[in-house]
Amino acid sequence: VSTQSTGSSGINAEYGERDEIDFVSRTLGCRPIASADHMLPEHLGHADLVEEINVGGGNKVVTITGCQAAAKTCSILVQGSNKLLAEEAERSIHDALCVIRCLVKNKNMIAGGGARRLS
């Protein structure tokens, strides 16, 4: 998400993917708007710091800290020596998050894999 300062009005996110804009909106507790003409105080969120950080290789990441909204969100930065490695790491993280989600929803777990050898 590219950000652009709009003075005292807040932060204007431009050129972002739709899911990124939704993610940032939920995190900040704000509402996406189409133009500055529709900007109202109840549509705005608050963050102490919005910063663009260079993560190497010419890539930059926008970090947002000090959000006052109740949302508990985080981002995981996945980098690899090539695209295939980064995609595999992303799939592994996705699988792990799915397991955690299932454990939160259903407290029971069936041991599998090499669990018998460990006991």
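Calculation rules
Residues numbered from 1 in each chain as written. Predicted model: local features only at pLDDT ≥ 70, side-chain atom pairs only at ≥ 80, totals over all residues. Heavy atoms only, no water. Salt bridge = Lys/Arg side-chain N within 4 Å of Asp/Glu carboxyl O. Helix = DSSP H or I, 4+ residues; strand = E, 2+ residues; numbered from the N terminus. Buried < 20%, exposed > 50% of the residue type's maximum accessible area, 1.4 Å probe, protein only. Expected span 1.5 Å × (residues − 1). Polar contact = N/O pair within 3.5 Å; in protein donor to acceptor, adjacent residues only side chain to side chain. Patch = residues over 30% accessible without salt bridge, like charges linked within 9 Å, V, L, I, M, F, W, Y side chains within 5 Å. Areas by Shrake-Rupley, 256 points an atom, 1.4 Å probe, with all protein chains shown as cover. Arc of directions from axis to C-beta. Contact = heavy atoms within 4.5 Å.

Novice: Is there a simple way to explain the pattern of salt bridges in this structure?
Specialist: Pairing is possible between side chains of opposite charge, provided their charged atoms come close. Enumeration according to the criterion identifies one salt bridge in this entry. Residue Glu88 is joined to Arg91 by a salt bridge in which the shortest nitrogen-to-oxygen separation is 2.8 Å. Of this pair, Glu88 and Arg91 both sit in helix α2 (residues 83-105), three residues apart, roughly one helical turn. Judged by its relative accessible area of 42%, Arg91 is partly exposed.

Novice: Got a minute to help me understand α2 in this structure?
Specialist: In this model α2 runs 33 Å from its N-terminal to its C-terminal C-alpha over 23 residues, within 8% of the 33 Å that 1.5 Å per residue would give. For α2, the capping residue at the N-terminal end is Asn82, with a side-chain oxygen 3.3 Å from the backbone nitrogen of Leu84.

Novice: Teacher, can you tell me more about a nonpolar patch on the surface here?
Specialist: A surface patch of nonpolar side chains, about 390 Å² in accessible area, is lined by Ile76, Leu97, Ile100 and Val104. Examined against the element boundaries, Val104 turns out to sit in helix α2.

Novice: Just checking my understanding: could you explain helix α1 (residues 18-28) for this structure?
Specialist: Because each turn of an α-helix spans 3.6 residues, side chains separated by three or four positions end up pointing in the same direction. Listing the buried residues of α1 in full gives Ser25, Thr27 and Leu28. Looking straight down α1, one finds that the buried residues subtend no more than 165° of arc, so they occupy a single side. Exposed positions of α1 whose direction lies more than 90 degrees from the buried face are Arg18, Asp19 and Arg26. Here the buried face of α1 lies against β4 (59-65).

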